[in-house]
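Architecture at a glance
What follows is each chain in one-letter form.
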Amino acid sequence: MPARSTYSVPQRVLHWLMAVLIFFNLLFPDGMNAWRRLVRHGQTPTPADISSANIHAYAGIAILLLAIVRLGLRLVYDVPPRPDDQPAFLHHIASATHFLLYALIFAMPLSGVAAYYLGIDPAAFVHAGPIKILLWAVIVLHIFGAFAQHFFFKSDVLRRMTIG
Ligand code: HEM
Ligand code: HEM
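Quick caveat: nothing in here was measured; it's all calculated off a predicted structure.

Residue position: Gln149 is located in helix α6 (residues 130–152). The exposure class of Gln149 is buried, given its relative accessible area of 12%. Not counting the four nearest positions on each side in its chain, Gln149 is found in contact with Pro83, Gln86, Lys154, Ser155 and Val157.

With that settled, the discussion passes to the coordination of the iron atom of ligand 1. Protein coordination at the iron atom of ligand 1: the donors are His56 (NE2) and His127 (NE2), at 2.0 Å from the metal. Given the relative accessible area of 13%, His56 is considered buried. Judged by its relative accessible area of 18%, His127 falls in the buried class.

So, about the site of ligand 1. Around ligand 1, the structure places 21 residues, and the nearest of them are Met32, Arg36, His56, His127 and Lys132. Within the side chain of Asn33, a nitrogen or oxygen atom sits 3.5 Å from an oxygen atom of ligand 1. His56 is positioned with one of its side-chain polar atoms (N or O) 2.8 Å from a nitrogen atom of ligand 1. In a pocket analysis with a 2 Å cut-off to the grid points, ligand 1 is assigned to the second largest pocket. At the level of secondary structure, the elements contributing two or more residues to the shell around ligand 1 comprise α1 (9–27), α2 (30–40), α3 (47–77), α4 (88–116) and α5 (121–128). Taken together, the residues that form the shell around ligand 1 break down as 13 nonpolar, six polar and two charged.

Gaps left between atoms are located by rolling a probe of water-molecule size over the structure's atoms. The computed volume of the largest pocket comes to approximately 1,100 Å³. Around the largest pocket sit 38 residues that line it, and His15, His98, Leu101, His142 and Ala146 are the ones nearest its centre. Looking at the lining of the largest pocket, the elements that each hand over two or more residues are α1, α3, α4, α6 and α7 (157–161). At 11 residues, α6 tops the list of elements feeding residues into the lining of the largest pocket. Taken together, the residues of the lining of the largest pocket sort by class into 25 nonpolar, nine polar and four charged.

What follows covers the site of ligand 2. Near ligand 2 there are 22 residues, and of these Tyr7, His15, Arg74, His142 and Arg160 occur at the shortest range. Contacts to ligand 2 include Tyr7, whose side-chain N or O atom sits 2.9 Å from an oxygen atom. Listed by contribution, the elements that provide at least two residues to the shell around ligand 2 are α1, α3, α4, α6 and α7. Looking at side-chain class alone, the shell around ligand 2 contains 15 nonpolar, three polar and four charged residues.

What counts and what doesn't
Residues numbered from 1 in each chain as written. Chains lettered and ligands numbered in written order. Predicted model: local features only at pLDDT ≥ 70, side-chain atom pairs only at ≥ 80, totals over all residues. Heavy atoms only, no water. Helix = DSSP H or I, 4+ residues; strand = E, 2+ residues; numbered from the N terminus. Buried < 20%, exposed > 50% of the residue type's maximum accessible area, 1.4 Å probe, protein only. Contact = heavy atoms within 4.5 Å. Donors = N, O, S within 2.8 Å, 3.2 Å for Na, K, Ca; no water. Near = heavy atom within 4 Å. Polar contact = N/O pair within 3.5 Å; in protein donor to acceptor, adjacent residues only side chain to side chain. 1 Å grid on protein atoms, 1.4 Å probe; cavity = no way out; pocket = protein on both sides within 12 Å on 5 of 7 lines; lining within 4 Å. Sits in = over half its atoms within 2 Å of the grid points. Nonpolar A, V, L, I, M, F, W, Y, C, P; charged D, E, K, R; others polar. Points joined across faces, edges and corners; volume = space filled by probe spheres on them.

Right, dumping it as structure tokens:
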């Protein structure tokens, strides 16, 4: 399929839907954290505690399933080419950032599932520690890049992921 000048509508919808879900889980993990604290201290969570934890778990599993659909769409529709008037190192940074974001939207839910459903402690550690911190760092870099493209380089990169 030839290169497109914009992301397809399903790709854009998925990008923003997933961004909302990911920010939700990053910013409001309290129910899950409370469940984990109880379990670690040998206490029995109430049905209400489990329901709160499940909101985090189900949002995270939705992210995992949408990530699979999104990778499939990427194979079908491809992605628009990078702006051709910019230095190569910016293209490399963008590619590396996108690759890492993809890796992390799989690693984050998979480590969460391993921690929550299988009780694997090292998975809980990497989920709530290194992977979470890396995800935040890459998201900040990604948002900075998107705004730099729009306001500094004045490219169409932000437009093609929003109004198309
Ligand atoms: C992209 C998806 C996800 C994101 C962004 C995410 C984010 C987070 C965050 C920010 C925390 C709190 C870490 C802290 O204490 O600072 C957390 C904890 C936790 N999450 Fe997730 N999560 C995701 C998916 C999942 C899934 C799918 C599950 C399980 C089915 C899960 C299970 C857990 C567990 C068990 C904890 C407690 C870990 C601990 O405190 O040791 N998460 N998550
Ligand atoms: C949790 C948050 C986010 C994740 C996981 C994420 C992930 C991604 C990924 C993987 C791509 C590459 C395109 C693809 O293959 O699908 C992308 C593209 C893009 N994202 Fe995000 N994104 C997030 C949040 C944001 C936010 C908040 C903004 C706006 C400030 C943004 C703006 C863009 C833009 C403009 C592109 C197109 C880049 C290009 O065409 O080179 N993203 N995003």
